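Now for the letters of each chain:
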Amino acid sequence: EAGVVQSPRYKIIEKKQPVAFWCNPISGHNTLYWYRQNLGQGPELLIRYENEEAVDDSQLPKDRFSAERLKGVDSTLKIQPAELGDSAVYLCASSSLAVSSYNEQFFGPGTRLTVL
Amino acid sequence: GDSVTQMEGPVTLSEEAFLTINCTYTATGYPSLFWYVQYPGEGLQLLLKATKADDKGSNKGFEATYRKETTSFHLEKGSVQVSDSAVYFCALRGGTSYGKLTFGQGTILTVHP
């Protein structure tokens, strides 16, 4: 079974430029999460989707961040414009609502963003 | 709100030494507790979990017991190997944060031959 796929793995941009990250969750997983992991810290949730619906976006900085999950499968996270403080690893995770899975979250390898 | 505190690292051990990484939490209700591991260049992987008080999670020789009275979930292994070198994260779900995981800051473990 394929895991969570993210691309790109690394991205270097100048500040004020836009950037987008893509995530393909595990097939059949209804729930998709975007986390941000700053250097030396644990991941922090940015947004959670149940199918197409964003059910928790309270930690998403909406002035510059946006996300979408069209058709309830793939998802894209965008930053426009990027700031120096956005340098971090952006993690995507997915989980199944099936009772047997106990909602275990499976993580992708992440996208490491460097803003210069 | 919910929070997780891990012992500060990094931790450096010799092979076959005993490992303990402390984790305490603050949450309302009855959270589920997790340990995740991140090997170099890889994504986070679930190592073990416990869903209610006094549960013991175990996997690959690692163990942790959900202690509600001390709000702790310490990770232990009796004999570490070089291949255990990684970053370990304690996390919780539930309480006020259903659906999302709240992570500690991570502990870097390095095991020398």
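Structural data are supplied above this passage.
Quick caveat, the model's predicted, so the values are computed rather than measured.

Reading the values: rules and limits
Going along each chain's sequence as written, the residues are numbered from 1 onward. Chain letters start at A and ligand numbers start at 1, both assigned in the order the entries are written. In keeping with the predicted nature of the model, local features appear solely for residues at pLDDT of at least 70, side-chain atom pairs appear and are counted solely at 80 or more, and the whole-chain, interface and lining totals rest on all residues. Side-chain calculation: all heavy atoms of the structure are included, whereas hydrogens and water are not. The nonpolar core is taken to be a set of buried Ala, Val, Leu, Ile, Met, Phe, Trp, Tyr and Cys residues, with the residues joined through side-chain atoms within 4.5 Å. Categorising residues by exposure relies on relative accessible area from a 1.4 Å probe, with only protein chains included: less than 20% of the type maximum marks a residue as buried, more than 50% marks it as exposed, and the intermediate range marks it as partly exposed. Where helices and strands are cited, they refer to DSSP runs of H or I of at least four residues and of E of at least two residues respectively, numbered from the N terminus. By definition in these notes, contact holds between two residues if any of their heavy atoms fall within 4.5 Å. A cavity here means a set of points on a 1 Å grid, drawn over the protein atoms and nothing else, where a 1.4 Å probe fits but cannot get out; a pocket is an open set with protein on both sides within 12 Å along at least five of seven lines, and a residue lines either one if it has an atom within 4 Å of a point. Grid points are joined across faces, edges and corners, and a volume is the space filled by probe spheres set on the points. Each residue gets one label: Ala, Val, Leu, Ile, Met, Phe, Trp, Tyr, Cys and Pro are nonpolar, Asp, Glu, Lys and Arg are charged, and the others, such as Gly, are polar.

(A) Spatial organisation of the nonpolar core. Counting 26 residues, the largest nonpolar core has L19(B), W35(B), L47(B), L48(B), F73(B), L75(B) and Y88(B) as its most contacted members. Listed by contribution, the elements that provide at least two residues to this core are strand 2 (11-14), strand 3 (19-21), strand 4 (23-26), strand 5 (32-38), strand 6 (44-50), strand 8 (62-65), strand 10 (86-94) and strand 12 (107-112) of chain B. A per-element tally of this core places strand 10 of chain B first, with four residues. Among all residues touching Y88(B), those that are not within four sequence positions of it are Q6(B), I21(B), W35(B), Y36(B), V37(B), L47(B), F62(B), L75(B), G106(B), T107(B) and L109(B). Ranked by size, the runner-up nonpolar core spans 21 residues in total, among them I13(A), I26(A), Y90(A) and V115(A).

(B) Region of the structure containing the layout of surface pockets. Estimated volume of the largest pocket: approximately 640 Å³. In terms of lining residues, the largest pocket is bounded by 31 residues, among which Q37(A), L39(A), V89(A), R112(A) and Q38(B) are the most central. Only strand 9 (88-95) and strand 11 (111-115) of chain A together with strand 10 and strand 12 of chain B provide two or more residues apiece to the lining of the largest pocket. A per-element tally of the lining of the largest pocket places strand 11 of chain A first, with four residues. Counted by class, the lining of the largest pocket contains 14 nonpolar, 14 polar and three charged residues.

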